[in-house]
Amino acid sequence: MKRIVTTAIAGVMALGAGMAQAADEVTLQLKWVTQAQFAGYYVALDKGFYEEEDLAVTIKPGGPDIAPAQVIAGGGADVVLDWMPSALASREKGLPLVNIAQPFKASGMMLTCRKDTGITSPEDFKGKTLGVWFFGNEYPFLSWMSKLGIPTDGSEGGVTVLKQGFNVDPLLQEQAACISTMTYNEYWQVIDAGLTADDLVTFKYEDMGVATLEDGMYVLEDNLADPAFKDKMVRFVRASMKGWKYAEENPDEAADIVLENDATGAQTEEHQQRMMREVAKLTAGSNGALDVADYERTVQTLLEGGSDPVITMTPEGAYTLEITDAALN
Amino acid sequence: MSWIALSLIVWAAAFALNVFLVRHGGRSAAYVVPVIFGLTILFIWEGMVRGLNISPVLLPPPSAIGAALASKTHILWTDLVQTFFKGALTGYVMGCGSAIMVALLIDRSPFLQRGLLPVGNFIAALPIVGLAPIMVMWFGFDWQSKAAVVVAMVFFPMLVNTVQGLQATDAMQRDLMRTYAASYGQTLRYLRLPAAMPFIFNGLKISTTLALIGAIVAEFFGSPIKGMGFRISTEVGRLALDMVWAEITVAALLGSAFYGLMALLEKRATFWHPSQRK
């Protein structure tokens, strides 16, 4: 009897000690597949920045059929990366996502058009077919079109919208006059496919005054009420931003780290190095803290939806500066 | 909590009612029992979603799905026309029609029988996720590429069934036709095609659901901004799960109705067959 009790006590103590030593677990859900767009997180993992903060981080890659908001709603992640339009729309639908950090300062989204279609300015879109990504990525496009006053239902004087797959074929096949591209990814796929920069006209959402914030870190509002979770997020954001800044300064090394973490083996070195350099331009302006002016501009863009706005009312409590304030000081 | 208790009570009551009806209900029980069963499932679903506070982002209650069905009728109708009438039905008619034609050709020529059947099998074995983007590249974003995917999906089951059906007559019957000096066409029309009907309808019935699935899934790989597959794949990203379930409901009802229609036609066309006798 005595032995059993001793063993039990020893067991409990061992368990307690184990728990004290174990790092806090954080699961991050990416918005897309493993690529240099998420280099900061992979660098932080690889370089041990998360370990230094006593965190055990699991990075889950996304894909065309994964909506980060849905993953976090189902309890599959502690923190997700999402675009602000999609996150705010989810918030209005009843999923209280809160932005805790914003490593991307600028938007990398643009519309890439063939010059031979005669498009030189947004006025020329009328009557043309445009490729758009859906699955929550259509909001910036829709708010841009409603700002221009161009209907998207294919009616007279409007544009015909295609649900574009996640490749650039519609432009190459001339099935669409313009397609959605990211400065760091699809644009270069078009170039690699044989078109030159001279064949193309690009409209950056950033330059059109309808830029919305991309790739922010979002958590569920309820979780933020828990001080332990908050503390975990402070450490997570700090380590992630350290990873981002390291990736910006060492793009080739960061690209290599991304490649090592790409379980699919689909990415190539040249593509990732180029992507890392383009992504670095977008993250360069941010220390991780959300710029409230950028947030206000995004909200304004999304509210100006004409008859079908992305969000119908100004969101309350959709971001917090508490985490970044604590992380960066 | 009360919602959970209530749904358990309703479940138990409905169960008891069904048991009673089966024992004492007579002939009408055959219709009433499945209806009660279906309603109970819907009620338990509603009660559990409310009682356990399940986020509508994960599973909307049937009431929300019903509301979406009622309020978005025009969208659901546009999607249905695009996916079912333009994509699935066109592909179904072309796929099944050409399969029957090819089956007749194969029937006349042992050379084709050896050559074409394996090719048909090969096409049927192509994965739809690989086929759909290629069809979009070839035939564009609109319903034509979806119809092409459907053709590829229904062609083989239809071909195999028809070829099998054309071999359903036995030598004695064919010899009898020969003694009447019947031509190939006459033998086909009066003996072999009627004998093949049960097989052909089998293929037609299998193809109804394949056509609908093919058209919906093909829309995941590029489409205009309408169609059931488009709506399902985009509304998930927008967390409008009630709309996704509404589309699923429409697709399920439509698929069942399409199958039912074919089964009804079969009953009329092959009334003489042993399987149709009461």
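Residues numbered from 1 in each chain as written. Chains lettered and ligands numbered in written order. Predicted model: local features only at pLDDT ≥ 70, side-chain atom pairs only at ≥ 80, totals over all residues. Heavy atoms only, no water.

Student: Tell me about the domain arrangement of chain A, residues and numbers included.
Tutor: Residues and elements named next belong to chain A. Split by domain assignment, chain A resolves into domain 1 (23-105 + 213-328) and domain 2 (109-208). The centre of domain 1, based on its C-alpha atoms, is set 26 Å off from the matching centre of domain 2. Contacts between the two partners involve 27 residues from domain 1, matched on the other side by 18 residues from domain 2. Taken over both partners, the interface formed by domain 1 and domain 2 buries close to 1900 Å², and the fraction arising from carbon and sulfur atoms is 61%. Looking at the side of domain 1 facing domain 2, the largest losses of area belong to Trp-83, Arg-274 and Glu-278, adding up to 26% of the total buried there. Where domain 1 packs against domain 2, one counts one salt bridge. A salt bridge links Asp-192 to Arg-274; its shortest N-O distance comes to 2.8 Å. (Domains from an automatic or database assignment. Contact = heavy atoms within 4.5 Å. Buried area = accessible area lost by both parts, 1.4 Å probe. Salt bridge = Lys/Arg side-chain N within 4 Å of Asp/Glu carboxyl O.)

Student: Let's hear about the layout of surface pockets: which residues, and what values?
Tutor: What the second largest pocket holds in volume is close to 790 Å³. Lining of the second largest pocket is provided by 29 residues; of these, Pro-64, Gly-165 and Phe-166 of chain A together with Phe-220 and Phe-221 of chain B occupy positions nearest its centre. Listed by contribution, the elements that provide at least two residues to the lining of the second largest pocket are helix 7 (169-172) and helix 8 (186-192) of chain A together with helix 6 (128-139) and helix 10 (228-237) of chain B. Composition of the lining of the second largest pocket by domain shows at least three residues from each of domain 1 (23-105 + 213-328) and domain 2 (109-208) of chain A. (1 Å grid on protein atoms, 1.4 Å probe; cavity = no way out; pocket = protein on both sides within 12 Å on 5 of 7 lines; lining within 4 Å. Points joined across faces, edges and corners; volume = space filled by probe spheres on them. Helix = DSSP H or I, 4+ residues; strand = E, 2+ residues; numbered from the N terminus.)

Student: I'd like a rundown of the interface of chain A and chain B, residues and numbers included.
Tutor: In this complex, chain A contributes 23 residues to the contact, which on the side of chain B involves 21 residues. Carbon and sulfur atoms make up 63% of the surface buried where chain A meets chain B, a total of about 1900 Å² over both sides. The largest share of the area that chain A buries against chain B comes from Gln-70, Lys-93 and Lys-163 of chain A, three residues that together contribute 34% of it. Taken together, the connections running from chain A to chain B amount to one salt bridge.

Student: Pulling in residues and values, what's your account of the pairing of strand 10 (residues 216-220) of chain A?
Tutor: Residue and element names in this part refer to chain A. When you tally the buried positions in strand 10, you get five out of five residues, the bulk of the element. Neither face of strand 10 is left uncovered, since the one carrying Gly-216, Tyr-218 and Leu-220 and the one carrying Met-217 and Val-219 both have all their residues buried. Bridge count between strand 3 (residues 79-82) and strand 10: three bridges; the pairing is antiparallel. Counted as the bridge partner of Leu-81 is Met-217 from strand 10. Bridge count for strand 4 (residues 97-101) against strand 10 is four bridges, and the pairing is antiparallel. Looking at the pairing, Asn-99 lines up with Tyr-218 of strand 10. (Buried < 20%, exposed > 50% of the residue type's maximum accessible area, 1.4 Å probe, protein only. Pairing = 2+ DSSP bridges.)

Student: For the sheet that holds strand 3 of chain A, give the residues involved together with the corresponding values.
Tutor: Residue and element names in this part refer to chain A. One open sheet accounts for five strands, arranged 2-1-3-10-4; its pairing is mixed. Each of the sheet's edge strands pairs with one partner strand only, and the pair in question is strand 2 (55-60) and strand 4. Direction aside, the axes of adjacent strands within the sheet are offset by 35° on average. Judged from the two bridges that link them, strand 1 (residues 24-29) and strand 3 form a sheet pairing that is parallel. Counterpart to Leu-28 in the pairing with strand 3 is Val-79. (Axes fitted to C-alpha atoms, helices over the stretch in contact; angles between N-to-C directions.)

Student: Any details on the nonpolar core? Residues and values, ideally.
Tutor: If you look at the biggest cluster of nonpolar residues, it comprises 70 residues, and the most contacted ones within it are Tyr-41, Leu-111, Phe-125, Met-217, Met-233 and Phe-236 of chain A. In terms of residue count, the dominant contributor to this core is helix 10 (residues 227-249) of chain A (nine residues). Shared between two domains, this core takes at least three residues from each, and those domains are domain 1 (23-105 + 213-328) and domain 2 (109-208) of chain A. Setting aside anything within four residues of it in sequence, one finds Leu-111 of chain A in contact with Phe-125, Leu-130, Gly-131, Phe-141, Trp-144, Cys-178, Ile-179, Ser-180, Val-201, Thr-202, Phe-203 and Tyr-205 of chain A. With 42 residues, the next largest nonpolar core counts Ala-99, Leu-204, Leu-212 and Ala-251 of chain B among its residues. (Core = buried A, V, L, I, M, F, W, Y, C linked by side-chain atoms within 4.5 Å.)

Student: Run through the UniProt feature "transmembrane region" (unreviewed entry) in chain B, naming residues and quoting values.
Tutor: Residues and elements named next belong to chain B. Taken from the UniProt record, the annotation "transmembrane region" (unreviewed entry) applies to residues 26-45, 89-107, 119-141, 147-168, 199-223 and 243-265. Along residues 26-45 the backbone is 85% helical and 0% strand, and the end-to-end C-alpha distance reaches 29 Å. Helix makes up 83% of residues 119-141 and strand makes up 0%, while its end C-alpha atoms are separated by 27 Å. (UniProt positions renumbered as here; feature names shortened; annotations may be inferred.)

Student: How would you sum up the UniProt feature "domain: ABC transmembrane type-1" (unreviewed entry) in chain B? Please name residues and give values.
Tutor: Mapped onto the present numbering, the UniProt feature "domain: ABC transmembrane type-1" (unreviewed entry) falls at residues 99-269 of chain B. Within the segment residues 99-269 of chain B, helix and strand shares are 85% and 1% respectively, and the terminal C-alpha atoms sit 19 Å apart.

Student: Tell me about helix 10 of chain B, and name the residues and values.
Tutor: Residue and element names in this part refer to chain B. In terms of burial, helix 10 is largely enclosed, as 10 of its 10 residues are buried. Residues of helix 10 that are buried: Met-228, Gly-229, Phe-230, Arg-231, Ile-232, Ser-233, Thr-234, Glu-235, Val-236 and Gly-237. Phi for Leu-239, located one or two positions after helix 10, is positive at around 65°.

Student: Explain the packing of helix 2 (residues 29-51) of chain B against helix 3 (residues 62-71) of chain B to me, and be specific about the residues and the numbers.
Tutor: Residues and elements named next belong to chain B. At a closest axis distance of 8 Å, the pairing of helix 2 and helix 3 adopts a crossing angle of 110°. Comparing the axis directions of helix 2 and helix 3 gives the class roughly perpendicular. On the side of helix 2, the interface is formed by Leu-42, Trp-45, Glu-46 and Arg-50, while helix 3 contributes Pro-62, Ser-63 and Ile-65. Of the residues in the contact of helix 2 with helix 3, the class split is four nonpolar, one polar and two charged. (Parallel < 35°, antiparallel > 145°, perpendicular 65-115°, else oblique. Nonpolar A, V, L, I, M, F, W, Y, C, P; charged D, E, K, R; others polar.)

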